[in-house]
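Observations on the three-dimensional arrangement
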Amino acid sequence: MPAQGKHRRPKSTSLGRGLAAVTTGGAVLALPVIGATSAFAAPAPAAAPQAVAPTAVVAQANSAAKAAPAKHSVAAGETLSKIAREYSVSGGWKKLYEGNRKIVGSNPDLIHPGIKLVIGAKSAASSEDKASKASPSAARGASADRADRSERIDAAPVAKAAPAAEKEAVSYTNDLDGWIKESLAVMAEQGIPGTYEGIHRNIMRESSGNPAAINNWDSNAVKGTPSKGLLQVIDPTFQAYHVPGTSTDSYDPVANITAACNYAADRYGSIDNVFGAY
């Protein structure tokens, strides 16, 4: 017999391994055969969570609402000057009067008990006026600057500015010492010279510290203008040298002292230069 030829078994292709042919009535049905080594597509990686940008912190000093102005009910014997000192009003009694002119009226020396004075209203209005008058370009520049500062702020906490300590209102005792000290405060506001020692020395000589003292026997009394009060001031002199913001009552201790010191400053340079009848 002729020698049988050696035939190599053809290698199955991946397609041949993957399909098995089944003949049924001449039809060929291709069936997929899944091998153990078949690969599966890895699921798509989940999208990383979007980083949340830090919220811009706006300085509280720019957004804090202004405190409402205080209100003061005038008591008997009070003056604009005294109230302005008690509330430490910047600008003194004149500033207080400007903010309450409609309430007080045309005479700042005459305020009626029971009226309500608004403390701080004028300064608040001025601030708003200044803000409204700012040029558009300046306003845009300020807004851009604030936005730029906000963008530069990161997660670090912003330190809050400590609130400014409120200035304590000055109060005076209702006695000779308190009257002199309050008068000196008014005199300092008005630029009237004088010292505690000079005022006290002349008061003790003129009235011995009695605010209700009156001289009914000297030449002034004969003319119908007796000397009155701590520093024995006659009415014409009191009216001519009355200091605005103090009482119009010549017996009022503070009003009497400041008017007398104003007169002495005009005539003698200072109450400190007075050592006798004046």
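Located above this text is the structure these notes cover.
What you are looking at is a predicted structure, and each value in this text was computed from that prediction instead of being measured. Residue indices follow the written sequence of each chain, beginning from 1 at its first position. Confidence filtering applies because this is a predicted model: local features only for residues at pLDDT of at least 70, side-chain atom pairs given and counted only at 80 or more, and all residues used for totals across whole chains, interfaces and linings. Calculation of side-chain values draws on the structure's entire complement of heavy atoms; hydrogens and water are dropped beforehand.

Right, let's talk about the packing of aromatic side chains for a bit. Stacked, tilted and edge-to-face pairs are distinguished by plane angle, under 30 degrees for stacked and over 60 for edge-to-face with tilted covering the rest, among Phe, Tyr and Trp rings (Trp via its six-membered ring) whose centres lie within 6.5 Å. In total, this model carries 2 aromatic pairs according to the counting rule given. With a centroid separation of 5.3 Å and an interplanar angle of 75°, the aromatic rings of Tyr-241 and Tyr-263 are classed as edge-to-face. Note that Tyr-241 is positioned in helix α11 (residues 235-241) and Tyr-263 in helix α12 (residues 253-268), a separation of 22 residues in sequence. Relative to Tyr-278, the ring of Tyr-263 has its centre 6.0 Å away and its plane inclined at 40°; by these criteria the two rings are tilted. Within this pair, whereas Tyr-263 is found in helix α12, its partner Tyr-278 is found in the segment after α12, the two being separated by 15 residues in sequence. Both residues of the pair, Tyr-263 and Tyr-278, count as buried. Of the aromatic side chains, those joined through ring pairs into one cluster are Tyr-241, Tyr-263 and Tyr-278. By definition, any uninterrupted DSSP run of H or I lasting at least four residues is a helix, any uninterrupted run of E lasting at least two residues is a strand, and each is numbered from the N terminus. For each residue, the accessible area found with a 1.4 Å probe, counting protein chains only, is set against the maximum for its type, and the residue is called buried under 20%, exposed over 50%, and partly exposed in between.

Residues Ile-199, Ile-203, Leu-231, Ile-257, Cys-261 and Tyr-278 are the most contacted members of the largest nonpolar core, which totals 24 residues. It is α12 that provides the largest number of residues to this core, a total of 8 residues. Setting aside residues up to four positions removed in sequence, Cys-261 forms contacts with Met-187, Ile-192, Ile-199 and Ile-271. Joining through side-chain atoms within 4.5 Å is the link that ties buried Ala, Val, Leu, Ile, Met, Phe, Trp, Tyr and Cys residues into a set, and such a set is a nonpolar core. By size, the runner-up hydrophobic cluster in this structure holds 13 residues, among which are Leu-80, Trp-93, Val-104 and Leu-117. In this description, contact between two residues means that some pair of their heavy atoms is separated by no more than 4.5 Å.

The next thing to look at is the pattern of salt bridges. Any Lys or Arg side-chain nitrogen found within 4 Å of a carboxyl oxygen on Asp or Glu counts as a salt bridge. Counted according to the given criterion, the structure contains 6 salt bridges. In this structure, Arg-205 and Glu-206 form a salt bridge, with 3.0 Å as the shortest nitrogen-oxygen distance. Arg-205 sits in the partly exposed class, given a relative accessible area of 33%. Measuring nitrogen to oxygen at the nearest pair gives 3.1 Å for the salt bridge that ties Lys-228 to Asp-235.

Its 15 residues give helix α8 (residues 176-190) an end-to-end C-alpha distance of 21 Å, which sits within 8% of 21 Å, the value for a rise of 1.5 Å per residue. Buried residues of α8: Leu-176, Gly-178, Trp-179, Ile-180, Glu-182, Ser-183, Ala-185, Val-186 and Met-187, and no others. Structurally, α8 contributes buried residues whose contacts are with α3 (80-86), α9 (196-206) and α12. Positive backbone phi, at 75°, marks Gly-191, one or two positions downstream of α8. An expected span of 1.5 Å times one less than the residue number is assigned to each helix.

Backbone phi values are negative for most residues with the exception of glycine, while trans is the configuration of most peptide bonds. One non-glycine residue, Ser-208, adopts positive backbone phi at about 60°. Judged by its relative accessible area of 56%, Ser-208 is exposed. Backbone geometry at Gln-232 places phi at a positive 45°, although glycine is not the residue there. Relative to the assigned elements, Gln-232 resides in the loop between β6 (227-228) and α11.

If you trace the backbone, Ser-207 turns up in the loop between α9 and β5 (214-215). Looking at Ser-207, its side chain comes within polar contact range of the main-chain oxygen of Leu-230, at 2.7 Å. If we ignore the near neighbours within four places in the chain, the residues touching Ser-207 are Ala-213, Gly-229 and Leu-230. For the purposes of these results, a polar contact is taken to be a pair of N or O atoms within 3.5 Å, where, inside protein, one atom must be able to donate a hydrogen and its partner to accept one; residues adjacent in sequence count only when each atom of the pair is a side-chain atom.

Between its terminal C-alpha atoms α12 stretches 21 Å, which fits the 22 Å expected from 16 residues at 1.5 Å a residue. For α12, the set of buried residues is Pro-253, Val-254, Ala-255, Asn-256, Ile-257, Thr-258, Ala-259, Ala-260, Cys-261, Tyr-263 and Ala-264. The elements touched by buried residues of α12 are α8, α9, β6 and α11. The opening residue of α12, the one whose side-chain oxygen lies 3.3 Å from the backbone nitrogen of Val-254, is Asp-252.

Right, let's get into the packing of α8 against α9. The description of two packed helices rests on the angle between their axes and on the distance between the axes. Here the axes come from fitting lines to C-alpha atoms, over the contacting stretch only for helices, and the angles between their N-to-C directions go from 0 to 180 degrees. Two elements in contact, α8 and α9, have axes separated by 10 Å at closest approach and are oriented at 130°. Considered as vectors, α8 and α9 are oriented oblique to each other. Our pair here, α8 against α9, has a crossing hand that is right-handed. Contacts from Leu-176, Asp-177, Ile-180, Lys-181, Leu-184 and Met-187 in α8 reach Tyr-196, Ile-199, His-200, Ile-203 and Met-204 in α9. Under the scheme applied, nonpolar residues are Ala, Val, Leu, Ile, Met, Phe, Trp, Tyr, Cys and Pro; charged residues are Asp, Glu, Lys and Arg; polar residues are all the others, including Gly. Taken together, the residues that form the contact of α8 with α9 break down as 8 nonpolar, 1 polar and 2 charged. The scheme is simple: roughly parallel for angles under 35 degrees, roughly antiparallel for over 145, roughly perpendicular for 65 to 115, oblique for anything else. Two helices cross in a left-handed way if the nearer one is turned anticlockwise from the farther one by less than a right angle. They cross in a right-handed way if the turn is clockwise.

That's the geometry; what it means functionally is another story.
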